[in-house]
Amino acid sequence: MRLTRKFIAALVVGVALVALVQSYLDVRRERDVFSKQMRAEATALGRALARGVADVWSRDGEAAAREFLITATSQSERLHARWIWLDEERGHDAPRAAPESLAPMKEGQVVTIRDDNARHALLTYIPVDVPPPRGVVLPADAPEPRHGGLEIAQSLTEIDMYTSDSVRNEIIGSTSAVVIAAALALLLGVMFIGRPISRLAAKARRVGTGDLTGPLTLAQRDELGELASEINLMCDRLADERGAREAATAQLRHADRLTTVGKLASGIAHELGTPLNVVGGRARLIADREVEGGEAVDSARIIAEQAERMTKLIRQLLDFARPPALHKAPINVSTLGARICELVATIARKGNVELVPPPFDESLRTLADDGQLTQVLTNLVVNAIQAMPAVGGKVWMTGRVVTQSPPPYVGGGSRAWMAIDVRDNGAGMDDATRERIFEPFFTTKAVGDGTGLGLSVSWGMVREHGGWIDVASTPGAGATFTVYLPLGAAEGVAA
Ligand SMILES: Nc1ncnc2c1ncn2[C@@H]1O[C@H](COP(=O)(O)OP(=O)(O)OP(=O)(O)O)[C@@H](O)[C@H]1O
Ligand SMILES: [Mg+2]
């Protein structure tokens, strides 16, 4: 929902700015209109008064004109008019405005001045031509007549009150607009952006963890709706590809299994030779009646023992060859090691290789699929046997619990792992070979001896268990393969 919040914040700031500018312009315009009206009112009234004053002045003299002025304006509270002489700087008839600002009056113009001083008023000056008293003719050299006029003062308090009313109304209006815009944006943002994006993010997280199920259905037909259907399509394609990849991996694993079965079978066939000879010889002795009584019974017992030995060998091979269903269960690593040593004992003997199984340790447990872990360790031991020179050698298996950080592709911090080492003192390998051994179909063996599948298949299986395989080798001094498996899940589980 963070995106929605940002979107709403941006919208609210935008609406607030627009409302602010709009309010400012509105208030200014209203104030201008009001002040123009005041001026117009003062000018209109002033002109009418001026005519009246001029008339009375010319008819009845100055005193009557002043009297007329007082009488004419005495009723008005908002407006005060008085007589002024432009040439008077001090005294009762001096104008409140500075004399230089009133100069245009001498040309008959009306002057309006805002007086922001103590009286806080709008002053309008109307020039009035003071005529000489009726019947008096001025001589040509008479001094120039004095300039006089009316000063009309209007209090600005009213316009201030009007302005503050406007400002208050604008603030209420703008705040309401911002609140309504924010509420609407919140509602629409959550409905059309916040919730769909949260659901898309949850779906993406599930896809990230490998869960491709549960298509995402968004009712909206906008870009987010399109994105949801694209993600669904992508999941379908990924699921198809994953299915195909899993099928290919299963085939490769099966192929690798069959290769190992073939190797083990050739060893077992060799191994079966001795017991078959014993069984055949003893059976012939009994059939030819060369042994009788107690000796015949001994021969029959030996035949039964050898048959049991052969059955066990074949059973082990069959168990290995049968593709098991994946099932993770607690496994004791030392028991498994001993079983693998038995399984490959025949080919080890063929190659003069001594197998050293891990000493039994009850605490060496991990949670793994028995069939897959058997296939992985068998591949490693068979590789070790095949890396021996003709004179033979030794292969050690050990299990241990280590605490260490996994490589970056596994991820996570330092923790406890089950480490299973398969160490040999065979030919080892150089760096160039070591870098490629986990590639599918990479082999250094002759055609027919190796397919190059063993390590790549093993790598896939161990990665599926959440672990990895490490290898250390020096040419001529053997190699050590270490399988790391997560330990945590198996803790406290009986082997
Ligand atoms: N213990 C080892 N010592 C020396 N080289 C080894 C060892 N294990 C594996 N290698 C090298 O790694 C290569 C790849 O091994 P991998 O098990 O994948 O295939 P392969 O053994 O050649 O054939 P496959 O196992 O399919 O029969 C081997 O050909 C060999 O060169
Ligand atoms: Mg191999």
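This one's a predicted model, so the numbers in the text were calculated from it and none came from an experiment.

In this section: the overall build of the protein. Secondary structure summary: the protein contains 10 helices and 11 strands in total. Whereas a compact globule of 495 residues would reach a radius of gyration of roughly 23 Å, the protein reaches 55 Å, over 25% beyond that. Taken along the three principal axes of its C-alpha coordinates, the protein extends 185 × 45 × 40 Å. A total of 495 residues make up the protein; the buried ones form 24% of that total. Pairs at least 24 residues apart make up 70% of the contacts formed inside the protein by residues separated by at least 6 positions.

Taking strand neighbours across the sheet as the criterion, the four strands line up as β1-β4-β3-β2 in an open arrangement whose pairing is antiparallel. Both outer strands of the open sheet, β1 (79-85) and β2 (111-115), are each paired with one neighbouring strand and no more. The sheet shows a mean angle of 25 degrees between the axes of neighbouring strands, taken without regard to direction. Two elements, strand β3 (residues 121-128) and strand β4 (residues 148-155), share eight bridges in a ladder whose sense is antiparallel. Residue A121 lies in a different strand from β4, and its bridge partner there is S155. Lying on the sheet, helix α1 (residues 2-60) is in contact with β1, β2, β3 and β4; it crosses β3 at an angle near 35 degrees.

Next up on the list: the site of ligand 1. The local shell around ligand 1 holds 24 residues, among which A387, T443, G450, G454 and L455 are the closest. Within the residue set of the shell around ligand 1, elements represented by two or more residues are α8 (370-386) and α10 (454-464). Its residues assigned to classes, the shell around ligand 1 comprises nine nonpolar, 13 polar and two charged.

Right, let's talk about the domain arrangement of the protein for a bit. For the protein, the domain assignment lists domain 1 (2-133 + 143-162) and domain 2 (328-495). Computed over C-alpha atoms only, the centres of domain 1 and domain 2 are separated by 104 Å.

The next point concerns the environment of P196. Mapped onto the elements, P196 comes out in helix α3 (residues 157-208). Since 21 C-beta atoms lie within 10 Å of it, P196 is described here as buried. Considered as a pair, P196 and E100 are 96 residues apart in the sequence and their alpha carbons are 72 Å apart. Apart from residues no more than four positions distant in its own chain, P196 is found in contact with L218, Q220 and L224.

Residues of α10 that are buried: G454, L455, S456, V457, S458, M461 and V462. At the exit of α10 stands G466, carrying a positive phi of roughly 85 degrees.

So, about the packing of α3 against helix α4 (residues 223-287). For the pair α3 and α4, interaxial distance at closest approach is 11 Å and the crossing angle is 15 degrees. By the angle between their directions, the pair α3 and α4 is classed as roughly parallel. Between α3 and α4 the crossing geometry is left-handed. From α3, P196, I197, L200, K203 and V207 reach across to α4, where they touch L224, L227, A228, I231 and C235. For the contact of α3 with α4, a count of residues per class yields nine nonpolar, no polar and one charged.

On to the nonpolar core. Soluble, globular proteins show a tendency: their nonpolar side chains are buried together. Formed by 43 residues in total, the largest nonpolar core has its most connected members in V344, L377, V381, I385, M418, V422 and V483. Those elements that provide at least two residues to this core are α6 (333-343), α7 (345-350), β6 (353-356), α8, β8 (393-404), β9 (415-424), α10 and β11 (479-486). Once you skip the residues sitting within four places of it in the chain, V344 turns out to touch L264, L355, T378, V381, V382 and I385. If you look at the next biggest cluster of nonpolar residues, it comprises 19 residues, including M38, L69, I126 and L150.

Right, let's talk about the packing of α1 against helix α2 (residues 62-73) for a bit. Contact geometry for α1 and α2: axes closest at 7 Å, N-to-C directions at 150 degrees. On the basis of their axis angle, the class for α1 and α2 is roughly antiparallel. Judged by the sense of rotation from one axis to the other, the crossing of α1 with α2 is right-handed. Listed contacts from α2 to L49, G52, V53, V56, W57 and D60 of α1 are E62, A64, A65, F68, L69 and A72. The residue makeup of the contact of α1 with α2, split by class, is nine nonpolar, one polar and two charged.

This paragraph deals with the pairing of β8. Bridge count for β6 against β8 is four bridges, and the pairing is parallel. Each residue of the ladder has a partner; that of V353, found in β8, is G393. Across 10 bridges, the pairing between β8 and β9 is antiparallel. For W396, the partnering residue across the bridge sits in β9 and is R423.

Right, let's talk about the sheet that holds β6 for a bit. An order of β6-β8-β9-β11-β10 is seen for the five strands of this open sheet, with the pairing classed as mixed. The sheet is open, and its two borders are formed by β6 and β10 (468-473), each paired with just one other strand. Strand-to-strand twist of the sheet, defined as the mean angle between neighbouring strand axes without regard to direction, takes the value 20 degrees. Each of β6, β8 and β9 is contacted by α6, which is oriented at about 160 degrees to β8, the strand it contacts most.

A word on unusual backbone geometry. Backbone geometry places R289, a non-glycine residue, at a positive phi of 55 degrees. One non-glycine residue, N352, adopts positive backbone phi at about 55 degrees. Considering the arrangement of structural elements, one finds N352 in the loop between α7 and β6.

A separate point is the environment of S363. With respect to the helices and strands, the residue S363 is situated in the loop between β6 and β7 (365-369). Residue S363 is classed as exposed on the basis of its C-beta count, with 11 C-beta atoms lying within 10 Å. Residues S363 and D240, 123 residues apart in the sequence, show an inter-C-alpha distance of 42 Å.

The rules behind each value
- For every chain, the first residue of the written sequence is number 1, and numbering continues from 1 onward in sequence order.
- Chain labels run from A onward and ligand labels from 1 onward, assigned in the order the entries are written.
- Totals for whole chains, interfaces and linings use all residues, but because this is a predicted model, local features are given only for residues with pLDDT of at least 70 and pairs of side-chain atoms are given and counted only at 80 or more.
- Each helix is a run of DSSP H or I of at least 4 residues and each strand a run of E of at least 2, with the numbering of both proceeding from the N terminus.
- For a compact globule the rule gives 2.2 Å times the number of residues to the power 0.38, and the radius of gyration it is set against comes from C-alpha atoms.
- Residue burial is a threshold on neighbouring C-beta atoms within 10 Å of the residue's own C-beta, all placed from the backbone, with 20 or more meaning buried, 12 or fewer meaning exposed, and counts in between meaning partly exposed.
- Contact between residues is assigned whenever the C-beta positions, reconstructed from backbone atoms, fall within 7 Å.
- Between any two strands, at least two bridges found by DSSP are needed for them to pair.
- Fitted lines through C-alpha atoms serve as axes, helices being fitted only where they are in contact, and the angles separating the N-to-C directions of these axes extend from 0 to 180 degrees.
- Nearness between a residue and a molecule or strand is assessed with a C-beta atom placed from the backbone; a distance within 6 Å qualifies.
- Classification convention: Asp, Glu, Lys, Arg as charged; Ala, Val, Leu, Ile, Met, Phe, Trp, Tyr, Cys, Pro as nonpolar; all other residues, Gly among them, as polar.
- Per the annotation, domain bounds derive from an automatic or database assignment of domains.
- Relative orientations are named as follows: roughly parallel for angles under 35 degrees, roughly antiparallel for angles over 145 degrees, roughly perpendicular for angles from 65 to 115 degrees, and oblique for any other angle.
- The sense of a crossing depends on the near helix, which, turned anticlockwise from the far helix by less than a right angle, makes the crossing left-handed and, turned clockwise, makes it right-handed.
- Take the buried Ala, Val, Leu, Ile, Met, Phe, Trp, Tyr and Cys residues, join any whose C-beta atoms are within 7 Å, and the set you get is a nonpolar core.

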